[in-house]
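# Results of the structural survey
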Amino acid sequence: MSKHCIITGCSRGIGKAIAGRLIEDGYRVTGTRRSAPFPEEFQSNSRFNGLTADLAENSDLEDVLGPLLKSGEADVLINNAGIFTDAAIWSDDNQWLDVWDRTQQVNLRAPALLTKWFVNACLEKKKEGIVINIASRAAYRGDTQEYAAYAASKAGLTAFTKSLARNLGKNGIVAYTIAPGFIETDMALESVEVLGREALTRDSAFDEITTPDEVAAIVSFLAKGEVKHMTGSTLHINGGSYMI
Ligand code: NAP
């Protein structure tokens, strides 16, 4: 039986590229979206199952994703869905905190809870599990002040991933972080509006923005389960713009 991978946010962008690659690799994939339709090629593929859940809604987490993650049927969990919302540090407290809270909910609290359910189900079934969390270069380098909530959420996700990795390897659980710089998706286009197009390649070794397919290639490699001693690592993909 082929591995079963769960990936959040695969209607567009990086998640779409990852889900497509994992289907191509022969895995069964359950993918989620918030509102945009799943790509036609997924809907017509028997190895793909689509679920609709808003990670900002705790009831969606419990009712839609909870049963699947707690069932112990999945082998790989990829927390990809995320939001990138700006709020200037000098904006009013309520507006700034709205963005802060929503960002932590979608980018950190929800993936942490999904991971908790996934890990506990693996432990109960005494089966191996792979967690891959999509963070960001911002977790390491920081972001501009407008996106401080985003950087903080991704730094939190990274530390969470490392904590799982340190403690659960002996139980068959491994966990990795991927930290992309700008990737060519709708999310990067939001940055163009705030920071200008030139900002996307200014620090890069290349003239072009990184494609989602390159991130998908990293996930494909990690999902194979061949490098368990890399557990806790962050794989950086940012066009050489920030080397650690
Ligand atoms: P994207 O093009 O904006 O796509 C976001 C995906 O997440 C969509 O499938 C969207 O679903 C889903 N999503 C958003 N909010 C959600 C919510 N509240 N509940 C459930 N699903 C939700 O973003 P992307 O560029 O592919 O980013 C994917 C991941 O990579 C994110 O975690 C992001 O932080 C990270 N990342 C991206 C970049 C970049 O430059 N693009 C850089 C570093 C890290 P709908 O289509 O239904 O709205």
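Here's what I pulled together on the structure shown here. (Residues numbered from 1 in each chain as written. Predicted model: local features only at pLDDT ≥ 70, side-chain atom pairs only at ≥ 80, totals over all residues. Heavy atoms only, no water.)

## Digging into the site of the ligand
Near the ligand, the surroundings consist of 32 residues, among which Ser 11, Ser 35, Asn 80, Tyr 150 and Thr 185 are the closest. One of the side-chain N or O atoms of Thr 185 is found 2.5 Å from an oxygen atom in the ligand. In terms of residue count, the dominant contributor to the shell around the ligand is helix α7 (residues 186–195) (3 residues). Here the shell around the ligand is composed, by residue class, of 17 nonpolar, 9 polar and 6 charged. (Near = heavy atom within 4 Å. Polar contact = N/O pair within 3.5 Å; in protein donor to acceptor, adjacent residues only side chain to side chain. Helix = DSSP H or I, 4+ residues; strand = E, 2+ residues; numbered from the N terminus. Nonpolar A, V, L, I, M, F, W, Y, C, P; charged D, E, K, R; others polar.)

## Looking at the sheet that holds strand β1 (residues 4–7)
Spatial strand order, β3-β2-β1-β4-β5-β6-β7: 7 strands in an open sheet with parallel pairing. Every interior strand has two partners, whereas the edge strands, β3 (48–52) and β7 (234–237), have only one. With direction set aside, neighbouring strand axes in the sheet form an average angle of 15°. When strand β5 (residues 129–134) meets strand β6 (residues 173–180), the two strands line up parallel, connected through 6 bridges. Bridge pairing in β6 places Val 131 opposite Ala 175. (Pairing = 2+ DSSP bridges. Axes fitted to C-alpha atoms, helices over the stretch in contact; angles between N-to-C directions.)

## Regarding a negative patch on the surface
Negative charge collects at one region of the surface, where Glu 24, Glu 184, Asp 207, Glu 208, Asp 213 and Glu 214 lie side by side. Tracing the backbone through its elements, the reader meets Glu 208 in the loop between α7 and α8 (212–223). Classification of Glu 208 by relative accessible area gives exposed; the value is 53%. (Patch = residues over 30% accessible without salt bridge, like charges linked within 9 Å, V, L, I, M, F, W, Y side chains within 5 Å. Areas by Shrake-Rupley, 256 points an atom, 1.4 Å probe, with all protein chains shown as cover. Salt bridge = Lys/Arg side-chain N within 4 Å of Asp/Glu carboxyl O. Lys, Arg positive; Asp, Glu negative; His and termini not counted. Charge placed at Lys NZ, Arg CZ, Asp CG, Glu CD. Buried < 20%, exposed > 50% of the residue type's maximum accessible area, 1.4 Å probe, protein only.)

## Points about the nonpolar core
Membership of the largest hydrophobic core comes to 32 residues, with the highest contact counts inside it found for Ile 18, Leu 22, Ile 78, Ile 132 and Ile 178. Contacts of Leu 22, omitting those with residues within four sequence positions, involve Cys 5, Tyr 27, Val 29, Ile 78, Val 219, Ser 220 and Ala 223. Of all hydrophobic cores here, the second largest spans 25 residues; its members include Ala 53, Leu 65, Val 119 and Val 131. (Core = buried A, V, L, I, M, F, W, Y, C linked by side-chain atoms within 4.5 Å. Contact = heavy atoms within 4.5 Å.)

## So, helix α4 (residues 93–125)
With 33 residues, α4 should cover 48 Å at 1.5 Å per step; its first-to-last C-alpha distance of 46 Å lies within 8% of that length. Helix geometry: α4 is bent most strongly at Gln 105, by close to 40°. Remark: Lys 126 follows α4 within two positions and exhibits a positive phi of approximately 50°. (Expected span 1.5 Å × (residues − 1). Bend = angle between axes of the 7 residues up to and from the residue.)

## Comments concerning the packing of helix α1 (residues 13–24) against α8
The interhelical angle for the contact between α1 and α8, taken along N-to-C directions, is 45°, at an axis separation of 8 Å. Taken together, α1 and α8 sit at an angle that is classed as oblique. Between α1 and α8 lies a crossing of right-handed hand. Across the interface between the two elements, Gly 13, Ile 14, Ala 17, Ile 18, Arg 21 and Leu 22 from α1 touch Pro 212, Asp 213, Val 215, Ala 216, Ala 217, Val 219, Ser 220 and Ala 223 from α8. A breakdown of the residues in the contact of α1 with α8 according to their chemical character gives 10 nonpolar, 2 polar and 2 charged. (Parallel < 35°, antiparallel > 145°, perpendicular 65-115°, else oblique. Left-handed = near helix turned anticlockwise from the far one by under 90°.)

Read these as geometric descriptors, not functional statements.
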